[in-house]
Structures are given as structure tokens and as C-alpha cells.
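A look at the structure
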Amino acid sequence: MKTALTIAGSDSSGGAGIQADIKTMTMNGVFAMSAITALTAQNTTGVSGIMNVPPEFLAEQLDEVFTDIPPDAVKIGMVSASSLIETIAGKLQQYKAVNIVVDPVMVATSGAKLISDDAIDTLKSKLLPLASILTPNVPETEVLAEMPVRSAKDMEIAAKTIHDRYGCAVLCKGGHSLNDANDLLCREDGSLRWFEGKRIPNPNTHGTGCTLSSAIAANLAKGFAMEISVRRAKEYISGALGAMLDLGKGSGPMNHAFCLTGVFAEEADDASK
């Protein structure tokens, strides 16, 4: 069985972060492992608190994973402190990690800021150059490309700018300030491919970025090429959104287990029939 490691923050409400990553990786057929960068107190309405783990403890988590069950892919999500970013970059290089997917998380779906200003520079200089693919949303694309993104043409320019700067594939996600659900992949060779998406009328989008990047990592771990991994990940997240799960008072989670079937998924009423 192929394996994937998520390095990210914990979401107490279960819709994003480590919890979403593990659900997604499991549903995409790989064995999921985790190294937690931070504990968050949050729910569907927002984030009320963030408590980073000490860098030494994050390093210990990574050592234990890499020296026992080396991951076939690594997904990196929320890392809000420079010292933690430096720790991750050092360990990825030490263990020669492969198939590194970086979701440069800076702002939660709810609008809460999740990274300190000084950590952004460390992210750019230490971690992004190690990535196989980056998956920024529109606000994150603007930060990384250092330009406004107001149109499809802007996104193409920004994607190539980010690709040239960090030497990796880039999936610039639509939505946010762009009024569409189309995503743009700048391949490893710098060529572009648009993935046209159908906007799903579901206001519950908590954890979409975490889920997409984890699904890409799972597919890379299984040996799919980058472009196919992105396509399969987009199909998975469309299914999770299309299941129209409705939990919580704010922007709720998706149903990561929308395609889960079998005797262990039965509910009491099903089993008694």
C-alpha cells in the first residue's frame, strides 16, 4: 500500500487541516500519516486560537515517520511560524522526500489569518523551492506572484511567474475574487492547462484547499502523473462538495466519505433491515 504524510495544523471541527487530509488520503487509497504543526480552536464560523508545537517536537514527529514508514508523497498545509517552516524544509532535504505538495495556507475559508508576516518570507525562501507542486488560491497567488489577479489572463501570468520563481508545477485555484470555478495548472515544463470546473451551489466549503492538495498528494503517491493527479483530485473534491453535507452554523465541511460503502459504513437503521 502506498503512503502519504500530511504536515499541517489540526482542525478541532474536523473539516480542514490534518483531519480533512487523513480522510481524503484514506478515501483516495493510501495509508495516511501525520505530523502536526499546530493545534487550532476552530469551527465552521472561524478560528479562535492557534497553538504552535515546538520546532523540536515537530522534528521528532518527522523523524519517527521517515525512519519507519517513508512516505511516497508529502502534503504540507498550515505552518504559521518561521521556525517550523525551517524545520520542515530541513527534514524534507535530510530524508530526500519526494512528491511534495505545498498548499501555501495563509488565510482560512472563513477569512481568518493563519500565518505570521515574517513566516511568509521563510516559506518563500526555504520551503517552496522544494515543492513538486504548489496549490495557491487567488489571494495566495497574488502574494506569491506579487501582482493582482483579476482575470484569467492575470492568472496565467501569475502562474508562470510562480513556476519560474520556484521551479515547480503550480495549480492556481479559481474562485475567491474570480467569479468562476476554473483552475489553472502550470506544468513542470511551464506549459499551461485550464481545468474547467462546474460551480457547485454549496456554501459549505470549509477545508476545500486542504482536501484538494491531499488528494493530489495521494494520487502522486500512487504513481499517477502530475496532470492526472490534479484531474483525479478535482473529480474527488467535486463529489465531496456535490454530496451537499450541511453541518455547523457557518461554512461547513464537505462529505469526504461521500463514496464510502460497505458493511462498516452502515447506520443502525440500515443494519436492522
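First things first, this report covers the structure right here in the doc. (Residues numbered from 1 in each chain as written. Predicted model: local features only at pLDDT ≥ 70, side-chain atom pairs only at ≥ 80, totals over all residues. Heavy atoms only, no water.)

**A short note on helix α1 (residues 17-27)**
Among the residues of α1, those classed as buried are Gly 17, Ile 18, Ala 20, Asp 21, Thr 24 and Met 25. All buried residues of α1 project into a common sector of 160° when viewed along the axis, lining one side. Check the buried side of α1 and you find it contacts β1 (3-11), β2 (31-43), β4 (73-76), α7 (208-221) and α8 (226-242). Looking at the residues trailing α1, positive phi occurs at Gly 29, about 85°. (Buried < 20%, exposed > 50% of the residue type's maximum accessible area, 1.4 Å probe, protein only. Helix = DSSP H or I, 4+ residues; strand = E, 2+ residues; numbered from the N terminus. Arc of directions from axis to C-beta. Contact = heavy atoms within 4.5 Å.)

**What about helix α2 (residues 55-66)?**
In a regular helix each residue adds 1.5 Å, so twelve residues correspond to 16 Å; α2 covers 16 Å between its end C-alpha atoms and thus fits that length. Along α2, the residues that are buried comprise Leu 58, Ala 59, Gln 61, Leu 62, Val 65 and Phe 66. With its buried residues spanning 160° around the axis, α2 presents them on a single face. Turned more than 90 degrees from where α2 packs its buried face, Glu 56 and Glu 64 sit exposed. (Expected span 1.5 Å × (residues − 1).)

**Brief notes about the sheet that holds strand β6 (residues 133-134)**
Strand order across the open sheet formed by nine strands is β3-β2-β1-β4-β5-β6-β7-β8-β9, with mixed pairing between neighbours. The two strands at the open ends of the sheet, each matched to only one other strand, are β3 (46-52) and β9 (192-195). The pairing of β1 with β2 spans nine bridges and is classified as parallel. In the sheet register, Ser 10 faces β2, and the bridge partner there is Leu 39. (Pairing = 2+ DSSP bridges.)

**A word on the nonpolar core**
Counting 45 residues, the largest nonpolar core has Leu 5, Ile 7, Ile 76, Ile 88, Leu 92 and Leu 127 as its most contacted members. Those residues in contact with Ile 88 that sit more than four places away from it in its chain are Ile 7, Thr 37, Leu 58, Leu 62, Ile 76, Val 79 and Leu 127. Counting residues in hydrophobic clusters, the runner-up holds 26 residues, among them Val 101, Ala 221, Leu 241 and Met 254. (Core = buried A, V, L, I, M, F, W, Y, C linked by side-chain atoms within 4.5 Å.)

**Some words on the side chain of Thr 37**
The topology assignment puts Thr 37 in strand β2. There is a polar contact of 3.3 Å between the side chain of Thr 37 and the backbone nitrogen of Gly 9. The contacts of Thr 37, once residues within four sequence positions are left out, are Ile 7, Ala 8, Gly 9, Asn 52, Val 53, Leu 58, Met 78, Val 79, Leu 84 and Ile 88. (Polar contact = N/O pair within 3.5 Å; in protein donor to acceptor, adjacent residues only side chain to side chain.)

**Here we look at the pairing of β2**
Tracing the backbone out of β1, into α1 and back to the parallel element β2 gives a crossover that is right-handed. Note that β2 and β3 share six bridges and pair antiparallel. Within β3, the residue paired with Asn 43 across the bridge is Gly 46. (Right-handed = clockwise from strand over helix to strand, strands pointing away.)

**Let's talk about unusual backbone geometry**
Even without glycine at this site, Lys 96 takes up a positive phi of about 55°. Note that Lys 96 resides in the loop between α3 (82-94) and β5 (100-102). Of note, Met 244 is a non-glycine position whose phi angle comes to about 60°, a positive value. Position of Met 244 among the secondary structure elements: in the loop between α8 and α9 (268-271).

All we've got here are geometric facts, nothing functional implied.
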